[in-house]
Amino acid sequence: MKLKPFVPLMLPLSDEIVNQISLIRKLIDANKSIVEYQTLLNNSKLEPQYLLRPVMLKEAVQSTKIEGTQVTLDEVMEVEAQSRKVNKDTQEAINYYRALNEGLELLRNLPISSRLFKIMHSTLLGGKVRGANRTPGEFRRIQNFLGPEGCTIETATYIPPEPQLLDQYLSNLDQYINDPTDNYDELIRIAIIHAQFETIHPFLDGNGRIGRILIPLYLYNKEVINYPNFFISDVLERDKHKYYRFLNDTRYKQNWNQWIGFFLDCIHIQAKRNVELIRDINDLYEEDMEKSAKIINSSNILKVMNVMFQRPIFTSKSLAAETGISEPTIRRYLNRLEEEKIIFSDGKIRSKTYYYYSLLDKLR
């Protein structure tokens with residue numbers, strides 16, 4: 001049966017559609033695990049901001065992977081260290097990282113809104129990436145559709161609302177984000193907001209990535225999390241077919257409880273993974289800081305290690321720029337650390353690239 005452009009429900013959703021009581025166990029588990037993660041992060045031996053950058057880069061990689069982009073965390077970090085040439089796949093991940101950072105910065109002066117979406121979208125599709133010709137920063141003016149590769153509108157699995165209706169749906173979404181009138185928990189609200197954004201599908205390309213950026217932005221803005229480094233794309237990428245199916249079931253079956261339950265499970269799983277990651281990184285930081293201080297008898301080692309935890313793939317030039325230590329001194333430090341197998345290099349005579357594998361293995 002040929003589908004017609006979908007007509008979404010306006011927000012807020014009624015209690016007949018969303019049964020918060022039936023989701024209470026999942027909601028408690030999700031909130032409890034987030035609190036555990038936040039508490040551990042606040043008391044971490046490593047300053048939370050040092051973890052923010054690599055975790056955000058990992059999110060950029062995982063979110064672009066959901067869209068079929070073939071890229072690894074190592075490749076993106078090598079591009080940033082200027083030891084690898086950028087290609088379309090790595091540029092897509094870097095654009096996602098930049099859009100995420102831009103959204104966080106704009107939250108200082110802007111509410112989460114259509115205006116914010118457009119600015120981030122312009123950054124997301126900037127340069128010569130796939131989709132760069134699909135009106136970056138502008139809402140669509142034509143009908144689009146979703147489905148398997150090669151499908152037509154006649155065989156689509158989902159046809160979003162007609163373009164002339166976007167303004168009213170986005171205005172409703174903006175109002176719900178910033179002035180909700182229901183009594184739902186914030187985790188249930190962001191599950192609804194993410195699904196509604198994907199259902200409206202306001203852009204010709206990049207809707208999934210902007211919708212996933214929206215999750216940590218919202219949670220940070222609502223002070224559910226203290227630092228903007230809680231992402232669930234890793235879990236969603238693992239179960240992406242379930243993710244898409246459950247989103248579609250909110251549309252054609254109005255099965256919102258199934259979707260919200262799945263979303264809360266993703267939050268819970270990711271928070272637990274984050275707890276394990278923070279513990280592992282704390283242990284690594286303490287262990288390798290002690291080793292490195294014995295190898296290099298200088299207070300500079302603290303600066304070096306802190307930058308290595310932010311940028312586990314680097315060159316002597318990039319490390320010197322980040323630490324403010326002269327490059328000849330940095331080279332001496334790196335030679336000693338490589339001798340003791342704290343770090344490893346690609347072995348080039350000039351312009352070596354160094355890898356802090358102990359951290360990379362935990363982030364991958």
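Residues numbered from 1 in each chain as written. Predicted model: local features only at pLDDT ≥ 70, side-chain atom pairs only at ≥ 80, totals over all residues. Heavy atoms only, no water.

(A) Main features of helix α7 (residues 186-200). The end-to-end C-alpha distance of α7, which contains 15 residues, comes to 21 Å, matching closely the 21 Å that a straight helix rising 1.5 Å per residue would cover. Among the 15 residues that make up α7, 14 are buried, leaving the element largely enclosed by the rest of the structure. The opening residue of α7, the one whose side-chain oxygen lies 2.8 Å from the backbone nitrogen of L187, is D185. Backbone geometry just after α7 places H201 at a positive phi near 50°. (Helix = DSSP H or I, 4+ residues; strand = E, 2+ residues; numbered from the N terminus. Expected span 1.5 Å × (residues − 1). Buried < 20%, exposed > 50% of the residue type's maximum accessible area, 1.4 Å probe, protein only. Polar contact = N/O pair within 3.5 Å; in protein donor to acceptor, adjacent residues only side chain to side chain.)

(B) Molecular detail of the pattern of salt bridges. Counted under the stated rule, the structure contains 27 salt bridges. One salt bridge connects R53 with E80, and the closest N-O pair in it is separated by 1.9 Å. Note that R53 is positioned in helix α2 (residues 48-66) and E80 in helix α3 (residues 73-80), a separation of 27 residues in sequence. A salt bridge links R141 to E138; the shortest N-O distance between them is 3.8 Å. Classification of E138 as partly exposed rests on a relative accessible area of 34%. Here the salt bridges do not stand alone but share partners, grouping E36, K272 and R279 into one network. (Salt bridge = Lys/Arg side-chain N within 4 Å of Asp/Glu carboxyl O.)

(C) Representation of the UniProt feature "domain: Fido" (unreviewed entry) in the protein. Per the UniProt record, the feature "domain: Fido" (unreviewed entry) sits at residues 112-265. For residues 112-265, the helix share is 54%, the strand share is 0%, and the end-to-end C-alpha distance is 25 Å. (UniProt positions renumbered as here; feature names shortened; annotations may be inferred.)

(D) Local environment of the side chain of T315. With respect to the helices, strands and loops of the structure, T315 is situated in the loop between β1 (313-314) and α13 (316-323). If we ignore the near neighbours within four places in the chain, the residues touching T315 are A81, K352, T353 and Y354. (Contact = heavy atoms within 4.5 Å.)

(E) Main features of the nonpolar core. Of all hydrophobic cores here, the largest spans 115 residues; its most connected members are F117, I192 and W259. At 17 residues, helix α11 (residues 256-295) tops the list of elements feeding residues into this core. Residues contacting I192, with those up to four places away along its chain left out, are L11, L13, V18, Y176, Y184, W256, W259 and I260. (Core = buried A, V, L, I, M, F, W, Y, C linked by side-chain atoms within 4.5 Å.)

(F) Local environment of the sheet that holds β1. Judged by pairing direction, the sheet is antiparallel, and its 3 strands sit side by side in the order β1-β3-β2 without closing on themselves. Looking at the sheet topology across the chains shown, the edges are occupied by β1 and β2 (344-345). Two strands pair when backbone bridges link them, and β2 and strand β3 (residues 354-355) are joined in this way by 2 bridges, in the antiparallel orientation. Bridged to F344 within β3 is Y355. (Pairing = 2+ DSSP bridges.)

(G) Spatial organisation of the side chain of D249. Within the secondary structure, D249 sits in helix α10 (residues 240-252). For D249, a relative accessible area of 8% translates into the label buried. Dropping the residues within four chain positions of it, D249 is found in contact with Q254, N255 and Q258.

(H) Examining the packing of α7 against α10 more closely. Where α7 meets α10, the closest approach of the two axes is 10 Å, and the angle between their N-to-C directions is 80°. On the basis of their axis angle, the class for α7 and α10 is roughly perpendicular. For the pair α7 and α10, contact is made by H194, A195, E198 and T199 and by Y243, L247, T250 and R251, respectively. Of the residues that constitute the contact of α7 with α10, the class distribution is 3 nonpolar, 3 polar and 2 charged. (Axes fitted to C-alpha atoms, helices over the stretch in contact; angles between N-to-C directions. Parallel < 35°, antiparallel > 145°, perpendicular 65-115°, else oblique. Nonpolar A, V, L, I, M, F, W, Y, C, P; charged D, E, K, R; others polar.)

(I) Expanded view of helix α1 (residues 24-42). Taking 1.5 Å of rise per residue, 19 residues should cover 27 Å, and α1 covers 27 Å from first to last C-alpha, within 8% of that figure. If you check which residues of α1 are buried, you get L27, A30, S33, I34, Y37, Q38 and L41. The buried residues of α1 all sit within an arc of 140° when viewed along its axis, so they share a single face. Exposed side chains of α1 directed beyond 90 degrees from the buried face belong to R25, K32 and V35. On its buried side, α1 packs onto α2, α7 and α11. (Arc of directions from axis to C-beta.)

(J) The arrangement of the environment of D167 in detail. For D167, the location among the structural elements is in helix α6 (residues 166-178). Residue class for D167 comes out exposed when judged on its relative accessible area of 62%. Between the C-alpha atom of D167 and that of N183, which follows or precedes it by 16 residues, the distance is 26 Å.

(K) Representation of the packing of α10 against α11. Between α10 and α11, the least distance of the axes is 8 Å, while the angle of their chain directions is 145°. In the crossing of α10 with α11, the sense of the turn from one axis to the other is left-handed. Contacts from K242, Y243, F246, L247, D249 and T250 of α10 reach α11 at W256, Q258, W259 and F262. Here the residues of the contact of α10 with α11 sort into 6 nonpolar, 2 polar and 2 charged. (Left-handed = near helix turned anticlockwise from the far one by under 90°.)

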